[in-house]
2 protein chains.
Amino acid sequence: MTIYYNLSEEYWADKCRRPYFPAVDLQNTVKHIIERVRTKGDSALLDFAFQFDGATLQQLKVTENEIENATKQVSTALKDAIGVAINNIRIFHKTQQLDEIKTETTKGVLCWRRQVAIENVGLYIPGGTAPLFSTLIMLAIPAQIAGCERIVLCTPPDKKGIIDPAILYTAGWLGITEIYKTGGAQAIAAMAYGTDTIKKVHKIFGPGNQYVTKAKEIIQQDGISIDLPAGPSEVLVIADETADADFVAADLLSQAEHGTDSQVVLLTTEANIAEKVQKALKDQISDLPRASIAQKSLEGSFCLVLPTIEKCFHFSNMYAPEHLILALQNPERFVDRIVNAGSVFLGHYSCESAGDYASGTNHTLPTNGLSRSYSGVSLDSFVKKITFQHISAEGLQNLGKTIEVMAEAEQLLAHKNAVSIRLKKLSV
Amino acid sequence: MTIYYNLSEEYWADKCRRPYFPAVDLQNTVKHIIERVRTKGDSALLDFAFQFDGATLQQLKVTENEIENATKQVSTALKDAIGVAINNIRIFHKTQQLDEIKTETTKGVLCWRRQVAIENVGLYIPGGTAPLFSTLIMLAIPAQIAGCERIVLCTPPDKKGIIDPAILYTAGWLGITEIYKTGGAQAIAAMAYGTDTIKKVHKIFGPGNQYVTKAKEIIQQDGISIDLPAGPSEVLVIADETADADFVAADLLSQAEHGTDSQVVLLTTEANIAEKVQKALKDQISDLPRASIAQKSLEGSFCLVLPTIEKCFHFSNMYAPEHLILALQNPERFVDRIVNAGSVFLGHYSCESAGDYASGTNHTLPTNGLSRSYSGVSLDSFVKKITFQHISAEGLQNLGKTIEVMAEAEQLLAHKNAVSIRLKKLSV
């Protein structure tokens, strides 16, 4: 990780640009997969499971038996941990409910909003070596609090046609029973357009590889909404003289191990801390099973030593990180300066992995600078906020003239007439 | 408007499909426009203003003088009406502020959310015969309540290089001064990527023709967010025996006059009402300046006479209308049955045009069935909700084991280590 001392502001915009990994053009490949799922339905999904996952499946849907078996394979320690995480995430996401406030904007004109669940949602959890049951928790909990009627889970099977027990246990514990063994672009297509077995959903959530990302991009153009545009994960740490270099290095590495395209950034006022962190990174990385991934990620990462904490926040807001860690004394003082960030971790004991798993906040967050305009997944992501208005005869008499004048100025006379015809009947 | 009596449910899905208007493939044309703006900047915008709007502009930015002149040209009646509308819309959107609630999910683990304004937002208002100053109000008010630092307005000039006075007056009244004379795909490109004169924004709002729609779709792939996918406007009315056929017909026409691709739907339990509305439509349409547009729209529209109000709501939720009018006695009884809708109008005096202009609710709403998963524009659209967590040493001691176990199960050892290294220092 290169350290830059007092880098002039003219170079900041350049540093805020994320490392560029030229994407393979998957448009045609993914369109072809989607088309096959749309025309061949379940049989395409079974074919793809064989082709991409090496699995010969008898059926797509996971059975109750499989969920029961998975339960037996998960350790008590993991079950307990999942229980604690679910509890915290539930508590925090429950605070996100919308209170219905009826407001009288003009006498006789009542307006309010209502939070109504999206009926059908699809959750995608990738396969591969690490089973991301934590992401399942992060998506399923707000979906359940919202009251989504149908929560569908798609995840690819292994070669034996089996889903990771931790994922099945988590789903079972949460009462999610509509689980299908399908992955990649084909799973996204199935949830978007439906097959005989998998009925279509209205919104699709979850991470995935570049096929999944491309498929989500394509189906979004077709009116199926998605959680967030995907991008490599990232963290930015702001550290002052009170920061513990070992803690900071551990946080940077916990981000760096995600993927070679992850970016980690350290901003500090202390050259001394920058150098200590540099050293701690070297010490800690060697013990990691994913050291080579973390190493690559660090090569695309950097540290800026800046003259003041104010400058650090200025840079951080320009960069707009997914995760922002404030390794600062009394970090609450700085909360007002944060303009762009996905999730913020205050103080020396708020490590990012706490938010990744169990503090209660959601870990599905805007990457790649999107925290300038996007929020992370929350209860909001699983509901629509429908507006209501009730206008009494008196209300329309109070507001009618206003509407008539405005509609006429926009040359929409039928709009005006909808008011005039009512006012006329009221006046007789 | 065709009336169907007791249409069997097997045909409902077909009726819920919106009329299909094959889109001209504008991908290449719009990409070319965007590319020219990216490479040539302001000079491309001036060229396009000449080419598409027939205007020879000296500069893109509207001057203070122009705003002052516009103020003189707007009637007092319209000024008063705009004032009333702004007041109501402000009152309602102010109720959408998020209270910051700090929640302790586990002892020592504090989580909360904060609403932070998107710094730079761009509002697009189309030109043409009708100046949509109402849309400017609907977008600018929540942007201002959110606290967006920079609110940019782009709208095309007429042949003389002039912006409609009602739009300029409204902008001036709201204190919006960054107004540019540019329209179409080129305006969207300028706000997305920036030129010398128009600095780039982070999110773009507003309606437009198919060039604008396509441009918004393209720039969204590039990480600039947009308000909502565009589609033709629509209304669905549910009427019982207490409905006034003249009112219902006026509401249907106020939607139908928007465009030939607008769809209006009437659901009623009373054959009698259906037929009366049919007649009232004929009576009212002839007086409208936009009669031919409304007529075309009605041809693509329909009425269903259904046996019960329950069936009407069932169909309405399947259709997922942008606007839903309940021309029913005691409509409040039915609020719980509404699952999919953009904005709802309760009772015989709540006409859609009230919400279009002045009741207080927003008129930028999800069309084309998107109300199944999208909300209309609100204060939420102009903010990010950033999550925060503060974990004390005690908090990490309480939660540490949980994180370690979960991270290990996901084979993310650096995630685990970020906790272990802290717990270790705490235990000495």
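These numbers were taken from a predicted model, which means no experiment stands behind them. (Residues numbered from 1 in each chain as written. Chains lettered and ligands numbered in written order. Predicted model: local features only at pLDDT ≥ 70, side-chain atom pairs only at ≥ 80, totals over all residues. Heavy atoms only, no water.)

Trainee: Quick question: what am I supposed to make of unusual backbone geometry here?
Mentor: One non-glycine residue with positive phi stands out, namely glutamine 411 of chain A, at about 60°. Take glutamine 411 of chain A: it is sitting in the loop between helix H15 (393-409) and helix H16 (413-427). (Helix = DSSP H or I, 4+ residues; strand = E, 2+ residues; numbered from the N terminus.)

Trainee: Explanation requested: the pattern of salt bridges in the structure shown.
Mentor: All names here are of chain B. Enumeration over the complete set of coordinates arrives at 40 salt bridges over all chains. With its nearest N and O atoms 2.8 Å apart, the salt bridge here joins arginine 18 to glutamate 234. Here glutamate 234 lies in strand E9 (residues 234-239) and arginine 18 lies in the loop between helix H1 (12-16) and helix H2 (27-40), a separation of 216 residues in the sequence. As far as the burial class goes, arginine 18 and glutamate 234 line up, both buried. (Salt bridge = Lys/Arg side-chain N within 4 Å of Asp/Glu carboxyl O. Buried < 20%, exposed > 50% of the residue type's maximum accessible area, 1.4 Å probe, protein only.)

Trainee: I'm lost on the domain arrangement of chain A in this one. Help?
Mentor: Domain annotation for chain A reports domain 1 (2-19 + 232-360), domain 2 (26-99 + 110-226) and domain 3 (392-426). For domain 2 of chain A versus domain 3 of chain A, the distance between C-alpha centres works out to 48 Å. (Domains from an automatic or database assignment.)

Trainee: In this structure, what is going on with the relation of the copies chain A and chain B? I would like to understand it.
Mentor: To go from the first copy of the chain to the second, apply a rotation about an axis and then a shift along the same axis. Superposing chain A onto chain B takes a rotation of 180° plus a shift of 0.0 Å along the axis, which leaves an RMSD of 0.0 Å. In short, the pair behaves as if placed about a two-fold rotation axis. Residue by residue, 100% of the interface of chain A is reproduced at the interface of chain B, so both copies engage with the same surface. (Least-squares fit on C-alpha atoms with pLDDT ≥ 70 in both. Contact = heavy atoms within 4.5 Å.)

Trainee: Can you help me understand helix H9 (residues 210-220) of chain B in this one?
Mentor: Because the α-helix completes a turn every 3.6 residues, residues three or four places apart line up on one side. Residue and element names in this part refer to chain B. Residues of H9 that are buried: Val212, Lys214, Ala215, Lys216, Ile218 and Ile219. Its buried side turned inward, H9 meets H2, strand E4 (120-124), helix H8 (184-193), strand E7 (203-205) and strand E8 (225-226). Structurally, the start of H9 carries an N-cap: the backbone nitrogen of tyrosine 211 is 3.0 Å from a side-chain oxygen of asparagine 209. (Polar contact = N/O pair within 3.5 Å; in protein donor to acceptor, adjacent residues only side chain to side chain.)

Trainee: It is not clear to me how the interface of chain A and chain B should be interpreted in this structure. Could you clarify?
Mentor: Reports of interface size often rely on the accessible area that becomes lost once the parts have come together. With 116 residues of chain A in contact, the opposing surface of chain B contributes 117 residues. Note on chain A versus chain B: buried area summed over both sides is about 10300 Å², and carbon and sulfur give 60% of it. When residues of chain A are sorted by the area they lose upon contact with chain B, Tyr349, Glu410 and Arg422 of chain A head the list and together hold 8% of the total. Run the count over chain A and chain B and you get twelve salt bridges. Taken together, the connections running from chain A to chain B amount to 70 residue pairs in polar contact (both at pLDDT 80 or more). With ten residues, H16 of chain A is the single largest residue contributor to the side of chain A that touches chain B. Strand direction decides the pairing type here: strand E14 (residues 383-391) of chain A and strand E13 (residues 343-346) of chain B, joined by four bridges, are parallel. Within E13 of chain B, the position partnered with threonine 387 of chain A by the bridge is serine 343 of chain B. (Buried area = accessible area lost by both parts, 1.4 Å probe. Pairing = 2+ DSSP bridges.)

Trainee: Sorry if this is basic, but what is going on with the sheet that holds strand E6 (residues 178-181) of chain A here?
Mentor: Either a parallel or an antiparallel arrangement is found when strands of a sheet pair, and the pairing is made through backbone hydrogen bonds. Residues and elements named next belong to chain A. An order of E6-E5-E4-E7-E8 is seen for the five strands of this open sheet, with the pairing classed as parallel. What marks the edges here is a single partner per strand, and that holds for E6 and strand E8 (225-226). In the sheet, strand E4 (residues 120-124) pairs with strand E5 (residues 150-155) via five bridges, with the strands oriented parallel. For glycine 122, the partnering residue across the bridge sits in E5 and is valine 152. Set on the sheet, helix H8 (residues 184-193) makes contact with E4, E5 and strand E7 (203-205); between it and E4 the angle comes to about 175°. (Axes fitted to C-alpha atoms, helices over the stretch in contact; angles between N-to-C directions.)

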